[in-house]
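The primary structure of each chain is shown beneath.
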2 protein chains.
Amino acid sequence: MEDKGRSKTEVFRQLKIFKKKDMTHLSGKILGSMCTCPHPIGLKAYHMFLESNLGDPGLFKGTKTMEKEVISLLGDLLGKQDIYGHIITGGTEANIMAMRSARNFAMEKNPKIKDPEIIVPKSAHFSFKKAADMLCLNIIEAQLDNEYKVDVNSIKELLSKNTVAVVAVAGTTELGKIDPVEEISHICYGNNIYLHVDAAFGGYSIPFLTEMGYEFPKFDFGLRGVCSITIDPHKMGLAPIPTGGILFREKKYLEAMSVETPYLTEDRQSTLVGTRTGASTAATWALIKYLGREGYKTVSDQCMKITKLLYNGIIESGFEVVTEPQLNIIAFKSKKVSVDELAYKLENLGWAVSKSSYPRAIRVIVMPHIKEEHVKVFIEDLNSLDL
Amino acid sequence: MEDKGRSKTEVFRQLKIFKKKDMTHLSGKILGSMCTCPHPIGLKAYHMFLESNLGDPGLFKGTKTMEKEVISLLGDLLGKQDIYGHIITGGTEANIMAMRSARNFAMEKNPKIKDPEIIVPKSAHFSFKKAADMLCLNIIEAQLDNEYKVDVNSIKELLSKNTVAVVAVAGTTELGKIDPVEEISHICYGNNIYLHVDAAFGGYSIPFLTEMGYEFPKFDFGLRGVCSITIDPHKMGLAPIPTGGILFREKKYLEAMSVETPYLTEDRQSTLVGTRTGASTAATWALIKYLGREGYKTVSDQCMKITKLLYNGIIESGFEVVTEPQLNIIAFKSKKVSVDELAYKLENLGWAVSKSSYPRAIRVIVMPHIKEEHVKVFIEDLNSLDL
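Residues numbered from 1 in each chain as written. Chains lettered and ligands numbered in written order. Predicted model: local features only at pLDDT ≥ 70, side-chain atom pairs only at ≥ 80, totals over all residues. Heavy atoms only, no water.

Undergrad: Would you mind going over the overall build of chain A with me for this structure?
TA: Along its length, chain A carries 12 helices and 13 strands. Rg of the C-alpha trace for chain A: 22 Å, near the compact-globule value of 21 Å for 387 residues, within the 12% margin. Within the span of chain A, comprising 387 residues, buried residues form 66% of the whole. For chain A, the share of sequence-separated contacts (at least 6 apart) that also reach a separation of at least 24 residues comes to 71%. The average position of the 48 basic charges and that of the 47 acidic charges among the side chains of chain A differ by 3 Å. (Helix = DSSP H or I, 4+ residues; strand = E, 2+ residues; numbered from the N terminus. Rg over C-alpha atoms; globule rule 2.2 N^0.38 Å. Buried < 20%, exposed > 50% of the residue type's maximum accessible area, 1.4 Å probe, protein only. Contact = heavy atoms within 4.5 Å. Lys, Arg positive; Asp, Glu negative; His and termini not counted. Charge placed at Lys NZ, Arg CZ, Asp CG, Glu CD.)

Undergrad: I tried to follow the sheet that holds strand β3 (residues 138-142) of chain A on my own but got confused; where do I start?
TA: What holds strands together in a sheet is hydrogen bonding between their backbones, with the strands either parallel or antiparallel. Residue and element names in this part refer to chain A. Spatial strand order, β1-β7-β6-β5-β4-β2-β3: 7 strands in an open sheet with mixed pairing. Among the strands making up the open sheet, the edge pair consists of β1 (84-88) and β3. The mean angle between the axes of side-by-side strands here comes to 20°, regardless of whether they run parallel or antiparallel. The pairing of strand β5 (residues 194-198) with strand β6 (residues 226-231) spans 4 bridges and is parallel. Of the residues in β6, the one forming a bridge with valine 197 is isoleucine 229. Most of the contacts of helix α7 (residues 181-191) go to β5, to which it runs at about 160°, and overall it touches β4 (163-169), β5 and β6. (Pairing = 2+ DSSP bridges. Axes fitted to C-alpha atoms, helices over the stretch in contact; angles between N-to-C directions.)

Undergrad: In this structure, what is going on with the packing of aromatic side chains? I would like to understand it.
TA: When we look at a pair of aromatic rings, we describe it by the centre distance and by the angle of the planes. Within the structure shown, the criterion is met by 23 aromatic pairs over all chains. Taking 5.9 Å as the distance between ring centres and 85° as the angle between the ring planes, the aromatic pair formed by phenylalanine 319 of chain A and phenylalanine 332 of chain A counts as edge-to-face. Residue phenylalanine 319 of chain A is found in the loop between α10 (279-316) and β10 (320-321), and its partner phenylalanine 332 of chain A is found in strand β11 (residues 329-333); the two are separated by 13 residues along the sequence. Classification of phenylalanine 319 of chain A as buried rests on a relative accessible area of 6%. An aromatic cluster of three or more residues is present, and its members are Phe105, Tyr194, Phe248 and Tyr253 of chain A. Here the guanidinium or amino end of lysine 44 of chain A rests over the ring plane of phenylalanine 12 of chain B, the centre of that ring lying 4.5 Å away. The ring centre of phenylalanine 49 of chain A lies 5.4 Å from the NZ or CZ of lysine 19 of chain B, which sits over that ring. (Phe/Tyr/Trp six-rings, centres within 6.5 Å; stacked < 30°, edge-to-face > 60°. Lys NZ or Arg CZ within 6 Å of the ring centre and 35° of its normal.)

Undergrad: Explain the environment of alanine 165 of chain A here, please?
TA: All names here are of chain A. Structurally, alanine 165 is set in strand β4. When its relative accessible area of 0% is taken as the criterion, alanine 165 is described as buried. Sequence separation of alanine 165 and leucine 195 is 30 residues, and the distance between their C-alpha atoms is 5.8 Å. For alanine 165, the contacting residues outside a window of four places in its chain are Met99, Ala102, Glu117, Ile118, Ile119, Ile193 and Tyr194.

Undergrad: So what exactly am I meant to see when it comes to the packing of helix α2 (residues 40-48) of chain B against helix α10 (residues 279-316) of chain B here?
TA: When two helices pack together, you describe them by how their axes are tilted relative to each other and by the distance separating the axes. All names here are of chain B. Where α2 meets α10, the closest approach of the two axes is 7 Å, and the angle between their N-to-C directions is 145°. For α2 against α10, the interelement crossing comes out right-handed. Here Ile41, Gly42, Ala45 and Tyr46 of α2 come into contact with α10, specifically with Ala279, Ser280, Ala282, Ala283, Ala286, Leu287 and Tyr290. Classifying every residue of the contact of α2 with α10 by side-chain character gives 9 nonpolar, 2 polar and no charged. (Left-handed = near helix turned anticlockwise from the far one by under 90°. Nonpolar A, V, L, I, M, F, W, Y, C, P; charged D, E, K, R; others polar.)

Undergrad: Just to check I follow, could you spell out the confidence of the model for chain A for this structure?
TA: Predicted coordinates in regions of low pLDDT should not be interpreted in detail. Mean pLDDT over chain A stands at 97; residues scoring 70 or higher make up 100%. Overall fold confidence for the complex sits at a pTM of 0.97, while the interface term, ipTM, reaches 0.97. (pLDDT = per-residue confidence, 0-100.)

Undergrad: Would you mind going over the sheet that holds strand β6 (residues 226-231) of chain B with me for this structure?
TA: All names here are of chain B. Spatially, 7 strands are ordered β1-β7-β6-β5-β4-β2-β3 in an open sheet, and the strand pairing comes out mixed. Strands with a single pairing partner mark the edges of an open sheet, and in this sheet they are β1 (84-88) and β3 (138-142). If you compare each strand with its neighbour and ignore which way they point, the axes differ by 20° on average. Relative to strand β4 (residues 163-169), strand β2 (residues 117-121) runs parallel, the two being bridged by 3 bridges. Across the sheet, isoleucine 119 pairs through a bridge with valine 166, a residue of β4. Seen against the sheet, helix α7 (residues 181-191) touches β4, β5 (194-198) and β6 and runs at an angle of roughly 160° to β5.

Undergrad: Where do I start with the side chain of serine 258 of chain B in this structure?
TA: Residue and element names in this part refer to chain B. Position of serine 258 among the secondary structure elements: in the loop between α9 (251-255) and β8 (259-260). Using a relative accessible area of 15% as the deciding quantity, one classes serine 258 as buried. Ignoring any residue separated from it by four or fewer positions in sequence, one finds serine 258 in contact with Arg268, Gln269 and Ser270.

Undergrad: In this structure, what is going on with the nonpolar core? I would like to understand it.
TA: As a rule of thumb, nonpolar side chains are buried together in soluble globular proteins. Of all hydrophobic cores here, the largest spans 150 residues; its most connected members are Leu15 and Ile184 of chain A together with Leu15 and Ile184 of chain B. Residues in contact with isoleucine 184 of chain A, not counting those within four places in the same chain, are Val150, Val152, Ile155, Val166, Ala168, Asp179 and Leu195 of chain A. Core analysis: the next-biggest nonpolar cluster, separate from the first, contains 60 residues, Ile113 and Met257 of chain A together with Cys227 and Leu272 of chain B among them. (Core = buried A, V, L, I, M, F, W, Y, C linked by side-chain atoms within 4.5 Å.)

Undergrad: Mind showing me how you'd approach the interface of chain A and chain B here?
TA: Note: interface size is frequently given as the accessible area lost on complex formation between the parts. On the chain B side, the residues contacting the 101 residues of chain A number 100 residues. Of all residues in chain A, Met1, Glu51 and Tyr263 of chain A give up the largest surface area on contact with chain B, accounting jointly for 11% of the area buried on that side. There are 8 salt bridges connecting chain A and chain B. Residues lysine 4 of chain A and glutamate 294 of chain B are paired through a salt bridge, measuring 3.0 Å at the closest nitrogen-oxygen approach. One can count 44 residue pairs in polar contact (both at pLDDT 80 or more) joining chain A with chain B. (Buried area = accessible area lost by both parts, 1.4 Å probe. Salt bridge = Lys/Arg side-chain N within 4 Å of Asp/Glu carboxyl O. Polar contact = N/O pair within 3.5 Å; in protein donor to acceptor, adjacent residues only side chain to side chain.)

Undergrad: Looking at this structure, how should I read the pairing of strand β13 (residues 360-365) of chain A?
TA: Along a regular strand, successive side chains alternate from one face of the sheet to the other. Residues and elements named next belong to chain A. Judged by how many residues are buried, β13 sits mostly within the fold: 5 of 6 residues are covered. Bridge count for β11 against β13 is 4 bridges, and the pairing is antiparallel. Each residue of the ladder has a partner; that of alanine 331, found in β13, is arginine 363. Relative to β13, strand β12 (residues 354-357) runs antiparallel, the two being bridged by 4 bridges. Bridge pairing links lysine 355 to isoleucine 362 in β13. The hairpin formed by β12 and β13 contains 2 residues between the paired strands.

Undergrad: Is there a simple way to think about the relation of the copies chain A and chain B in this case?
TA: Superposing the two chain copies requires a rotation about an axis and a translation along that axis. Its rotation angle being 180°, the transformation that places chain A on chain B also includes 0.0 Å of axial translation and leaves an RMSD of 0.0 Å. The operation mapping one copy onto its partner corresponds to a two-fold rotation axis. Minimal C-alpha separation from the rotation axis in chain A is found for leucine 135 of chain A, amounting to 2.6 Å. (Least-squares fit on C-alpha atoms with pLDDT ≥ 70 in both.)

Undergrad: Quick question: what am I supposed to make of helix α4 (residues 91-109) of chain B here?
TA: A turn of α-helix holds 3.6 residues, and therefore any two residues three or four places apart point the same way. For α4 of chain B, which comprises 19 residues, the first-to-last C-alpha distance of 27 Å matches the rise-based estimate of 27 Å (1.5 Å per residue) to within 8%. Within α4 of chain B, 15 of the 19 residues are buried, which leaves the element mostly enclosed by the surrounding structure. (Expected span 1.5 Å × (residues − 1).)

Undergrad: For this particular structure, what's the right way to read the pattern of salt bridges?
TA: When the charged atoms of two side chains lie near each other, side chains of opposite charge can form a pair. Enumeration according to the criterion identifies 44 salt bridges over all chains in this entry. A salt bridge links arginine 293 of chain A to glutamate 211 of chain A, with the shortest nitrogen-to-oxygen separation between them at 2.4 Å. Of this pair, arginine 293 of chain A sits in helix α10 while glutamate 211 of chain A sits in helix α8 (residues 206-211); the two residues are 82 residues apart in sequence, bridging distant segments of the chain. Each member of the salt-bridge network shares a partner with another, and the members are Glu2 and Arg6 of chain A together with Glu69 and Lys289 of chain B.

Undergrad: It is not clear to me how the packing of helix α2 (residues 40-48) of chain A against helix α1 (residues 8-21) of chain B should be interpreted in this structure. Could you clarify?
TA: Packing of α2 of chain A against α1 of chain B leaves a shortest axis separation of 11 Å and a crossing angle of 20°. In terms of orientation, α2 of chain A lies roughly parallel with respect to α1 of chain B. In this structure, the crossing between α2 of chain A and α1 of chain B has a hand that is right-handed. Residues Ile41, Lys44, Ala45 and Met48 of chain A of α2 of chain A touch α1 of chain B, and the partners they reach there are Lys8, Phe12, Leu15, Lys16 and Lys19 of chain B. The residue inventory of the contact of α2 of chain A with α1 of chain B, partitioned by class, reads 5 nonpolar, no polar and 4 charged. (Parallel < 35°, antiparallel > 145°, perpendicular 65-115°, else oblique.)

Right under this line is the structure:
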């Protein structure tokens, strides 16, 4: 570290150089991320509450009131208004919190469990592997059906006396698929097993699209077996990073993992993170109020329309789509070259695509920053590859 | 959630109402928090990089380069430039990461460990209780000496074949005490046991104050037993929340907890959080460059001077300071009324003090937002209590 500070001008000159090496969502070139351009209203609200710390809520009572309202608004969106939860850093913290709660709750109820297990779809996000490592859980993978949704029979077969949680996904990370949560809920409720739904991606679009007439399976608190849901405002909710959400059906699930906070303005804390920005809550609140259901419907619907456009373009260009898209994610491959080679060629043209692992394919997420004109250029580039 | 969105004016009118219910650091009334007003240069840099996601660093190569530089700069500040680490959400994530790494590392090396234990000072932050619950660790508390620093003999006695980590603190949360890390490092190095130093609070001030002639015990990577250090830019580093830092002496400690990330632009991930804002890195980088050692020296020195002023005022007003302050934290009590009663009276006068749990006392942290004029009013208020 240098002794003397540099001038403001010099510091920002250098920051701009770093910034130039970053990609921007506005370019339309980021095709492989579930994040997007934060909405300006969310950014402004975020900035306004940057001083606020929800880890010490007695000091920031306004932000705390806002968080309670946000949780209730998200609950309302997902089938149950009177729920409990927090605005946190993202889907990973949310999924780890859910697994921690489920483990503590099950092991408290049944001290005979010595080797707790969680059953997760093969398509689940890697945060469940993180959770398993951290929380000393055995992770058992349930198989997928031919549409890459979890096979309910596989879950049934894997249930054991050590199962502390089952996970279902509403919008898988790689393919955007929605698991048959209703059937899984039925099984879990009947067997008194905790069911967590990871709707980090789909939570902010499935309800809006459903209201517009799109057909999706049920996945939310309307199903009585669902104990908790992950929903990420910093994905389809357009909030800045870090903004995640974890919702629990009952307060006891938050309490199952709370620790004492000796010197703060709240007695117990259940989040992973201690000091916790209130800015994320403010951004989520402002965007819900500013956009309303109508605004979010437009956002989701637009993404679905552009997905359809991209889908047609990919097919017409002679590529193979690995599965019918359910949400705004398309995975495809070439009939002629490998996935790695195709990715390499697209990267050379400036496209940041990502690769799904199961099945191996090029994966494009049509987030709100992807516009019709970007898709047109992408399709032209696909055609120009001369494979 | 409402169907129709509200106007921008209406949304921000309501946000302002929430904001009014929050306290502000600028008021000088927040005496019980380790957070402070973020520095405007840090805020500006933060805002500039809000789009950046270090969970997917291939997309944000500029931010990634900045993070590497920041980690090296922090290492340089703490005795070793070639270290490994990340800018994360705060001290809790950092402490959990350190415990996770220590546990995985020890249990890989010695599969005979079945009931892993961590030894932490009785004064350690409650995040270690969180870590213990999450990571299936037994937490063993080491006793403190009569200055509320950890008793090295107590640590020695508690070491067992199950010990996977020892924790020392450089700036305890409640009293700002610095543990005798040099002696603890000697013991841990000799016994091949992982030593983590929680310098969330002291990391950004002890090195600067030491250069100015203040006397403090050694606590950093200069001691060969120290395997990792927590240092929080969002405390004495003046960065916005969420900005924490975790530093590891060797890469193997990060690797011990990395999980595969199938579809992202990096292969493995060691942080708790997945999607991770690059804004925190930018703020930390900008503040280090803008303030330099000289700027941070002024900040820390100023806090120590105001602490001294407050200390004298408290003594002169007839209150009892529970221990000589080592950093910018003072804990005190009345000879006449209980701690709860004193806190209640101060709260009625608008002061947000906090209470330490061991020993029970009123706890004031003289963060950079506490100015001389605030201390004067506080002392006047103490005298006006007429106890």
